[in-house]
Each structure stands twice: as structure tokens, then as C-alpha cells.
Amino acid sequence: MSTAGILNIYSDFEAEVKVTRKNSSTGVTEAATGLTGMTARIAATPTGTALGSLTVSLTERGTTGIYAGVLDTAALVTALAASYLNQTVYVIYSKSGDIDREWAAYLVRDQRGL
């Protein structure tokens, strides 16, 4: 399994996901715009519950089908510093009843080179 990137606990983390769906008339894949109730959580496994308070509501960027939300540095440090440095965690995207267990893996670090 490869990771999506580095999650530096000393910087705010922006969870972002592009959601698509098939148009029921044309069958063409298109941006899933206008969704409400999208969330992201950081968990120890791809199907796990949120670590500490690491859950965020996601808001669509315009009408792009891209949904994002920010997790604060203080919450990241509290939930991840003691047990998860240099470990893989999962950012799980969901929408109750429609989307769950869609995830990206990140390596938890306390710094990141730019």
C-alpha cells in the first residue's frame, strides 16, 4: 500500500476529496455537486472510528464536486503525537447512507520538507 503523502501534525491538515457520479441519463461520469453531509475522519484503519476529535465537515468548493475541510494542528497533536508518529493513518471520507470507507493513507510525521 502506498501513502497519499505526509501528514505533518504541526500544520493544519486539509482533508480534500473529489466526488464523481455517473449521469443517469448519459452514463457519463461527472462531478457530484451539491452534496451535503460530507465528512472526513482520521482513523488507525481504513474502516476505523475517528482518533480523538479528528472529524471534520466538508464543504464544496464552488460547484466543482471537490469537498474540503481543515483539521486544526492542536487536535492533530493531541490525537496523534503520542502513538502515531511514523505510522500510517487513514483519512476516511463519508456521507451518511451514500459514501463510506473511501480513504487515503498518510504517514504521520512531526515535520515535512518542502
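So, here is what we can say about the structure in this document. Treat the numbers as computed from the prediction; the structure is a model and nothing was measured. (Residues numbered from 1 in each chain as written. Predicted model: local features only at pLDDT ≥ 70, side-chain atom pairs only at ≥ 80, totals over all residues. Heavy atoms only, no water.)

**Examining the packing of aromatic side chains**
Which entries qualify depends on this criterion: Note on aromatic contacts: the rings of Phe and Tyr and the six-membered ring of Trp form a pair at centre separations within 6.5 Å, being stacked when their planes are under 30 degrees apart, edge-to-face when over 60 apart, and tilted otherwise. In this description a helix means any DSSP run of H or I spanning at least four residues, a strand means any run of E spanning at least two, and both kinds are numbered starting from the N terminus. The classification of residues rests on relative accessible area computed with a 1.4 Å probe and restricted to protein chains. Under 20% of the type maximum is buried, over 50% is exposed, and intermediate values are partly exposed.
Going through the model one piece at a time under the given rule, you end up with 2 aromatic pairs. An angle of 80° between the planes, with centres 5.1 Å apart, marks the rings of Phe 13 and Tyr 106 as edge-to-face. Taken together, the positions of Phe 13 in strand β2 (residues 13-18) and Tyr 106 in strand β10 (residues 99-109) put the pair 93 residues apart, joining distant regions of the chain. Tyr 106 shares its class with Phe 13; the two are buried. With a centroid separation of 5.1 Å and 85° between ring planes, the pair formed by Tyr 90 and Trp 103 is classed as edge-to-face. Linking Tyr 90 in strand β9 (residues 88-95) with Trp 103 in strand β10, this pair joins segments that are 13 residues apart in sequence. Exposure remark for Tyr 90: the relative accessible area of 9% places this residue in the buried category.

**A few points about the side chain of Ser 94**
How we decide: Two residues qualify as a contact provided that any one of their heavy atoms is within 4.5 Å of a heavy atom in the partner residue.
Take Ser 94: it is sitting in strand β9. For Ser 94, a relative accessible area of 10% puts it in the buried group. Apart from the residues lying within four places of it in its own chain, the contact partners of Ser 94 are Gly 37, Met 38, Thr 39, Arg 41, Ile 99 and Asp 100.

**A closer look at the pattern of salt bridges**
For side chains bearing opposite charge, pairing can occur when the charged atoms are close. To keep it simple, the criterion reads: Salt bridges are counted wherever a side-chain nitrogen of Lys or Arg sits within 4 Å of a carboxyl oxygen of Asp or Glu.
Considering all chains together, one arrives at 3 salt bridges under this definition. The salt bridge involving Asp 98 is made with Lys 95; its shortest N-O contact spans 3.5 Å. The exposure class of Asp 98 is exposed, given its relative accessible area of 57%. The exposure class of Lys 95 is buried, given its relative accessible area of 15%.

**Considering the sheet that holds strand β8 (residues 66-71)**
What counts is decided by this rule: Strand pairing follows a simple DSSP-based rule, namely that at least 2 bridges must link the two strands.
Strand order in the open sheet formed by 3 strands is β2-β8-β7, with antiparallel pairing between adjacent strands. The strands lining the two open edges of the sheet, one partner per strand, are β2 and β7 (59-60). Across 2 bridges, the pairing between β7 and β8 is antiparallel. Each residue of the ladder has a partner; that of Thr 59, found in β8, is Ala 68.

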